[in-house]
Amino acid sequence: MNNKIYEISPGFEEIMPKDYRDLVNDGPFGKKLGVKDLGTFKELLEEHPLCAGCGLALSKRLILASLPSPENTVIVGTTGCSSLSFAQVAIHNIHSIFGNQNAVATGLKRALEIRFPDKTKDVVAMGGDGAIGDIGLGMVMHSWFRGEKFTTIMFDNEAYANTGGQESGMSQKGAVLNMAPTGKKYAKLPMPEIARDAGCVYSASVTPARPKRLEKMVRRAVILARKLGPTYIQIYCPCPTNYKFKPSESLKRTRDMEKSGAYQIKEYISPAAEELIKKFEEVK
Amino acid sequence: MQETNYRVINGPEGYLPPAAASMGVVLPDRGQALIEGRIVAEKEAMEKIAEKLLSAKNPYFFPGPLILWAWNDKAVEKAKAIKELADTAGAKIIPMSDYRPKYPMINPAEEINPNHPNLTIWHNKIDVCVFVGVHCHYANLALKIIRGGTDCYTIALCANYGHEDAMISLRDVHAEEVRNLTAVIKKMKGGK
Ligand code: SF4
């Protein structure tokens, strides 16, 4: 496989749908574009079916624009609201059974290293809080214990939104949801700390209200995972449908969550990661 | 050895047509091909393909990612040969650029998707179609759906071992074999 996979065979240029021609001509592949360039290139996620104002859709758009090498990245997704929009993502992606994403990503990353020993292929496991913090937690943590070299990104909407609004381990204490009418009885899982303690060389939490910060974290996480080991990012993804606020208020809610301290921006960097970050951020 | 009376003919065969393989249809050996589930000589199948394409009202080629994307020289060569073949046969082309399950956002006038190929066939009133450059499992899926829900006659030009679920299937088809098929069509056209 080489990057010619993104060139159209001669004679078929006009026959290919416009969307594909636009991706080839104006997409981000091989061009090192980033969040600040959004709106100037053909994006990797368009026309998704998620609810209006969904923080997950915005976060995914930002993540895709932040990937250091989208043409060499494979995403492993899993069941949940986010999975509904993977069909629209113009980048290699795999859907895994609910919670299996880190197990599948492990096999994939190892296989890619064997198949393409001279190339850098990034694997990013993405899932909601249910897939990463609850149902798939065993597989997530064991991939961290084993030191697997890929990034895990959690879309943290603090609920099982796709199935009508059950509480998840990531819901805040007291959160009242459609199917948790008396309020959640225990605290939000401390996933960034769990990730750090389980062996992630880099663990961070952020919100889509800070696109540049998010971009920096995604790049750090993906690049560090190539050399050092597992990395983790948690992104707050407000869910207007289940938390019952107006879609137009998603970003305001995100900022309010930050201001009140209910959602904290964090970044844990291991000493080895710190060293490496200095090198690649200086080079830039 | 082939021992079945099951015929792989155009549908609609109903919501869940059986996979031809499960009905006893086996893949051809080198030099052979399949016509409606029966093993025949490759030459016979080529002539039948030419006949089907030339007598069709609205024939279409559905090239897949393996030839649409210029990922190696062989793909580019085969793509050129397919373009020439389609032009020679007077067939139009609708690409299968990738396999993302885009329903219901697919534009059936612009592209075909293996998960709902029937939409493209219905929309364009296609009576004969040719699959080429489509990864085998996606070709199998699409061919079965087409047989299940449409009356389109399917032809598969496969670079590997062929497809039981296509009405006519050639195997080991690369650029050279595509050009041979073009020559058969040219000859048949000239002879009319
Ligand atoms: S239910 Fe919530 S998380 Fe799911 S798509 Fe709608 S807004 Fe997004």
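Everything numeric here is computed off the predicted structure, so don't read it as measured data.

What follows covers the overall build of chain A. Each helix and strand counted, chain A has eleven helices and seven strands in total. Over its C-alpha atoms chain A spans a radius of gyration of 18 Å, differing by no more than 12% from the 19 Å that the globule rule assigns to 284 residues. The C-alpha extent of chain A, read off along each of the three principal axes, is 60 × 40 × 35 Å. Looking at chain A as a whole, 55% of its 284 residues are labelled buried. Put simply, 66% of the contacts in chain A that link residues at least 6 apart link residues at least 24 apart. Carbon and sulfur atoms form 56% of the exposed surface of chain A, whose accessible area is close to 12,300 Å².

Our focus in this paragraph is the sheet that holds strand β4 (residues 151–156) of chain A. All names here are of chain A. Judged by pairing direction, the sheet is mixed, and its seven strands sit side by side in the order β2-β1-β3-β4-β6-β5-β7 without closing on themselves. The sheet is open, and its two borders are formed by β2 (93–96) and β7 (266–269), each paired with just one other strand. Strand-to-strand, the axes of this sheet are offset by a mean angle of 15°, without reference to chain direction. Sheet analysis places strand β5 (residues 202–206) next to strand β6 (residues 231–236), joined by five bridges and oriented parallel. When the sheet's bridge partners are listed, S205 is paired in β6 with Q234. Here helix α8 (residues 211–227) sits on the sheet and contacts β3 (122–128), β4, β5, β6 and β7; the angle it forms with β5, its principal contact strand, is near 160°.

Here the focus is helix α10 (residues 250–260) of chain A. Residues and elements named next belong to chain A. Within α10, the full set of buried residues consists of S250, T254, M257 and E258. End-on view of α10: buried residues confined to an arc of 100°, all on one side of the axis. Turned more than 90 degrees off the buried face of α10, the exposed positions are K252, K259 and S260. Along its buried surface, α10 packs onto β6 and α9 (240–243). Just beyond α10, the residue with positive phi is G261, at close to 85°.

Contact with chain B, which involves 22 residues of that partner, is made by 21 residues of chain A. Around 1,900 Å² of area is buried between chain B and chain A when both sides are counted, 65% of it from carbon and sulfur atoms. Linking chain B with chain A are zero salt bridges. Linking chain B with chain A are six residue pairs in polar contact (both at pLDDT 80 or more), by the criterion used here. Mapped onto the side of chain B that touches chain A, the elements with two or more residues apiece are α2 (65–68) and α3 (73–89) of chain B. It is α3 of chain B that contributes the most residues to the side of chain B that touches chain A, six residues altogether. Here the side of chain B that touches chain A is composed, by residue class, of 14 nonpolar, one polar and seven charged.

Moving on, we come to the packing of aromatic side chains. Residues and elements named next belong to chain A. For the coordinates displayed, the defined rule picks out seven aromatic pairs over all chains. Measuring from centroid to centroid gives 4.2 Å for Y6 and F29, while their planes differ by 20°, and the two rings are stacked. In this pair, Y6 sits in the segment before α1 (18–26) while F29 sits in the loop between α1 and α2 (55–66), placing the two residues 23 residues apart along the sequence. For F29, a relative accessible area of 14% translates into the label buried. Of note, K121 hangs over the ring of F116, and the distance from its end group to the ring centre comes to 4.7 Å. When the ring centre of Y268 is taken as reference, the NZ or CZ atom of R196 above it lies at 4.4 Å.

All right, on to the nonpolar core then. For soluble globular proteins, the rule of thumb is that nonpolar side chains tend to be buried together. Residues I63, L64, M126, Y202, L224, I233 and I235 of chain A are the most contacted members of the largest nonpolar core, which totals 52 residues. Among the elements of the structure, α2, β3, β4, β5, α8, β6 and α11 (271–283) of chain A are those that each provide at least two residues to this core. Considering each element in turn, this core owes the most residues, seven residues, to α8 of chain A. If we skip the residues at most four places from it in the chain, L224 of chain A touches V201, Y202, G229, T231, A273, L276, I277 and F280 of chain A. By size, the runner-up hydrophobic cluster in this structure holds 44 residues, among which are A89, V128, V173 and V178 of chain B.

Neighbouring residues of the ligand: L50, C51, C54, L56, C81, N157, A161, C239, P240, T241 and N242 of chain A. A per-element tally of the shell around the ligand places α9 of chain A first, with three residues.

Let us now look at the packing of helix α4 (residues 117–124) of chain B against helix α5 (residues 136–149) of chain B. Residue and element names in this part refer to chain B. Close contact between α4 and α5 brings their axes to 8 Å; oriented N to C, the two are set at 50°. Here α5 runs oblique to α4, going by the angle between their axes. Where α4 crosses over α5, the handedness of that crossing is right-handed. Note on element contacts: α5 touches α4 through A142, I145, I146 and G149, opposite P117, N118, I121 and W122. Looking at side-chain class alone, the contact of α4 with α5 contains six nonpolar, two polar and no charged residues.

Taken N-terminus to C-terminus, the directions of helix α4 (residues 101–115) of chain A and helix α6 (residues 137–145) of chain A make an angle of 35°; their axes are 7 Å apart at the nearest point. Here Q101, N102, A103 and T106 of chain A of α4 of chain A lie close against α6 of chain A, whose contacting residues are M139, V140, S143 and W144 of chain A.

Here we come to the confidence of the model for chain B. On average, chain B scores 95 in pLDDT, and the residues at 70 or more come to 97%. Here the predicted complex scores 0.90 on pTM and 0.91 on ipTM.

With that out of the way, let us pick up the pattern of salt bridges. All names here are of chain A. Scanning the model with the defined rule gives 28 salt bridges over all chains in all. Of the charged contacts in the structure, one is a salt bridge between K42 and D19, with a shortest N-O distance of 2.9 Å. Of this pair, K42 sits in the loop between α1 and α2 while D19 sits in helix α1, and the two are 23 residues apart along the sequence. Classification of K42 as buried rests on a relative accessible area of 12%. One salt bridge in this structure joins K36 and D37, with 3.6 Å as the shortest N-O distance. Overall, D37 belongs to the buried group, its relative accessible area being 15%. Salt bridges sharing partners connect three or more residues here, namely R213, R220, E267 and E281.

Cut-offs applied
Residues numbered from 1 in each chain as written. Chains lettered and ligands numbered in written order. Predicted model: local features only at pLDDT ≥ 70, side-chain atom pairs only at ≥ 80, totals over all residues. Heavy atoms only, no water. Helix = DSSP H or I, 4+ residues; strand = E, 2+ residues; numbered from the N terminus. Rg over C-alpha atoms; globule rule 2.2 N^0.38 Å. Buried < 20%, exposed > 50% of the residue type's maximum accessible area, 1.4 Å probe, protein only. Contact = heavy atoms within 4.5 Å. Areas by Shrake-Rupley, 256 points an atom, 1.4 Å probe, with all protein chains shown as cover. Pairing = 2+ DSSP bridges. Axes fitted to C-alpha atoms, helices over the stretch in contact; angles between N-to-C directions. Arc of directions from axis to C-beta. Buried area = accessible area lost by both parts, 1.4 Å probe. Salt bridge = Lys/Arg side-chain N within 4 Å of Asp/Glu carboxyl O. Polar contact = N/O pair within 3.5 Å; in protein donor to acceptor, adjacent residues only side chain to side chain. Nonpolar A, V, L, I, M, F, W, Y, C, P; charged D, E, K, R; others polar. Phe/Tyr/Trp six-rings, centres within 6.5 Å; stacked < 30°, edge-to-face > 60°. Lys NZ or Arg CZ within 6 Å of the ring centre and 35° of its normal. Core = buried A, V, L, I, M, F, W, Y, C linked by side-chain atoms within 4.5 Å. Near = heavy atom within 4 Å. Parallel < 35°, antiparallel > 145°, perpendicular 65-115°, else oblique. Left-handed = near helix turned anticlockwise from the far one by under 90°. pLDDT = per-residue confidence, 0-100.

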